[in-house]
Amino acid sequence: MSPILLRKPYLFWFMIGALVYIPFLGASHLFDWDEINFAESAREMIKTGDYLSVQINFMPFWEKPPLFIWLQALSFQFFGTFTDTAWTSMEFAARFPNALIGIATLLTLYKIGAKHFSPKMGHLWAFSYLAAITPHVYASSGIIDPLFNLLIFLGVYYLIQSYWKNFAFKELLISAIFIGLALLTKGPVALLIWGLCALTYVVLNRKEWSQLLAWLKALTWVSIIAILFFISWYGIIALKFGSGIISDFFAYQIRLLTTGDAGHGQPFYYHALVLLFGCFPISIWAISPLISRKSEVNLSTPQERDLSVWFRILFWVVLILFSLVKTKIVHYSSMCWIPLSFFSARVLCDWEMGLGTWKKWYSMGLLVIGLLFSFILSLIPYIGSHSFEFIPLIQDKFVQGNLQAPVYWSGFEILIGIGFALAIIYWIARKGAVSPKRINGLMISGIAIIMLYMALVVPKIEGYTQATVIDFYESKVGQKVYIETVGFKSFAHLLYFQKPAGSPDGETLIKVQRVDRPTYFVMKNDVDDAMKYHPHLSFMKEENGFLFYKHK
């Protein structure tokens, strides 16, 4: 093991995390909806000076609690965003909190792994998390879930610590604080996941039935304390905006559970595929200990075996829960990333110590999934650089327009996917037995490939999907104009135009015959004809799938 890993492991993982997560935070605009939604709420907090209320378009926004948005607002203020003295881009500042959360996650995983298993296990756990694709991508995003996941995980971990100490109050209190903060990050699903993990553990372990009362008492106390965090903020908001905001919030949560909200309905197996492909390469070899407990004979202490049971429960509770939920989005199963990386580290650690073997089907899985993934990485820039050849094959009129955007491709971008394919073949398929060094080489190659892709390809993808309208919004910043979207939901005009408070909404503006300033409307080219030919609107231009109108 490298001397620096032995001497200063926390400094090592801090520096590696910063090197991987931070450099390309500002490479592309924030993406509509979620990234822009949260950043806009943070901007409106700063603009109004109201840090208790979460707002969108300067109206109460009841879908998300404020913790992550507070972190973004703090980051904006630190970097001077939305001022003349800003020393980095708005996109960098919006995503910076998640980079720090990603680094904190690496440090946490190392610490827990080293404490309960060995320093080697700690390093391999952090390395596995770093090498998985979706955790890497989300740690460089402006999405809530990395913070939410870390808080839930720590809530579960400290519950385990309390249980080992006969339900010690200190650890229970820490667990409650983390779950309470998770509730303030994304809502009651945090308590649901935490509670289901505990209940599942008790049900599956008959020896725990004799102390059922102690379990109920501990879970009740943690729940009460955690809920107090949630109620304290929502109570203030209810006093300010009325109790209807609370009923709207819970109605939204129920809608997510029971309907395919916002068009996000997917088949039952959706999240299993998301984890298999999204957490490549570690998902390939982590499957085995997730479905079998045979490898637990290699664990030397009861605590090691117990942690393994808890983390397996955490993985399956999240996967099953969100497979049953009707609304399915990639990051809904993201809580699985941490236990999945744990079992990846378990396999690698046992293998390096001679307690396990590398199975042939691991290599086959890496080759099949990896080469397919490499093909997709190359296909996207190929389509982009040959977009006019693909336009006639596409039925969606809006996508046809998007692909007409003048995005420059050098040709090098296709080589990223080809390079990843060659790396997979080199590390896995070349002559000789697969060794831990080869797998380490594959994981490092994957990290480098994702960094290159996020720096060189993702901004070009964004060039097709939304750069046209964002450039238009940015060109109007500071001007005394109105800008609204018609026929599609978007938050981009609020953030990138920096819409001021008190502006009329789009529905009001389009109905009136006269306006007090230049007023622009943005639509998609598949909007209803009734809007295209509205008597109050004058057509300006069509550009890359978007229609631009001005009020007469």
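Here, every reference points to the structure presented above.
Residues numbered from 1 in each chain as written. Predicted model: local features only at pLDDT ≥ 70, side-chain atom pairs only at ≥ 80, totals over all residues. Heavy atoms only, no water.

The subject of this paragraph is the packing of helix H9 (residues 169–186) against helix H10 (residues 189–204). Where H9 contacts H10, the axes come no closer than 7 Å and their chain directions differ by 140 degrees. The pairing of H9 with H10 is recorded here as oblique in orientation. Of H10, the residues touching H9 (which contributes Ser175, Ile179, Ala182 and Leu183) are Ala190, Leu191 and Trp194. Taken together, the residues that form the contact of H9 with H10 break down as six nonpolar, one polar and no charged. (Axes fitted to C-alpha atoms, helices over the stretch in contact; angles between N-to-C directions. Helix = DSSP H or I, 4+ residues; strand = E, 2+ residues; numbered from the N terminus. Parallel < 35°, antiparallel > 145°, perpendicular 65-115°, else oblique. Contact = heavy atoms within 4.5 Å. Nonpolar A, V, L, I, M, F, W, Y, C, P; charged D, E, K, R; others polar.)

All right, on to unusual backbone geometry then. Here the residue pair Asp32 and Trp33 is connected by a cis peptide bond, since its omega of 5 degrees sits within 30 degrees of zero. Here Trp33 lies in the loop between helix H2 (9–21) and helix H3 (34–48). Here the bond from Phe280 into Pro281 is cis, since omega is 5 degrees, no more than 30 degrees from zero. Residue placement: Pro281 occurs in the loop between helix H13 (270–278) and helix H14 (282–291). Positive phi values are uncommon outside glycine, yet Asn57 reaches one of about 60 degrees. Note on placement: Asn57 falls in the loop between strand E1 (55–56) and strand E2 (59–60).

Time to look at the environment of Leu196. Structurally, Leu196 can be placed in helix H10. Judged by its relative accessible area of 29%, Leu196 is partly exposed. As a C-alpha pair, Leu196 and Asn98 span 98 residues in sequence and 27 Å in three-dimensional space. Residues within four places of Leu196 in sequence aside, it is in contact with Val317 and Leu321. (Buried < 20%, exposed > 50% of the residue type's maximum accessible area, 1.4 Å probe, protein only.)

This part takes up the pattern of salt bridges. Applying the stated criterion to the full structure yields 10 salt bridges. Here Glu40 and Arg43 are joined by a salt bridge, their closest N and O atoms 2.8 Å apart. Of this pair, Glu40 and Arg43 both sit in helix H3, three residues apart, which is roughly one turn of that helix. The exposure class assigned to Glu40 is buried, which follows from its relative accessible area of 1%. For Arg43, a relative accessible area of 4% translates into the label buried. Notably, a salt bridge pairs Glu484 with Lys499, separated by 2.6 Å at the nearest N-O pair. Within this pair, whereas Glu484 is found in strand E3 (residues 482–485), its partner Lys499 is found in the loop between helix H24 (492–496) and helix H25 (506–511), the two being separated by 15 residues in sequence. When sorted by exposure, Glu484 lands in the same class as Lys499, which is buried. (Salt bridge = Lys/Arg side-chain N within 4 Å of Asp/Glu carboxyl O.)

Shape descriptors only; they carry no functional weight alone.
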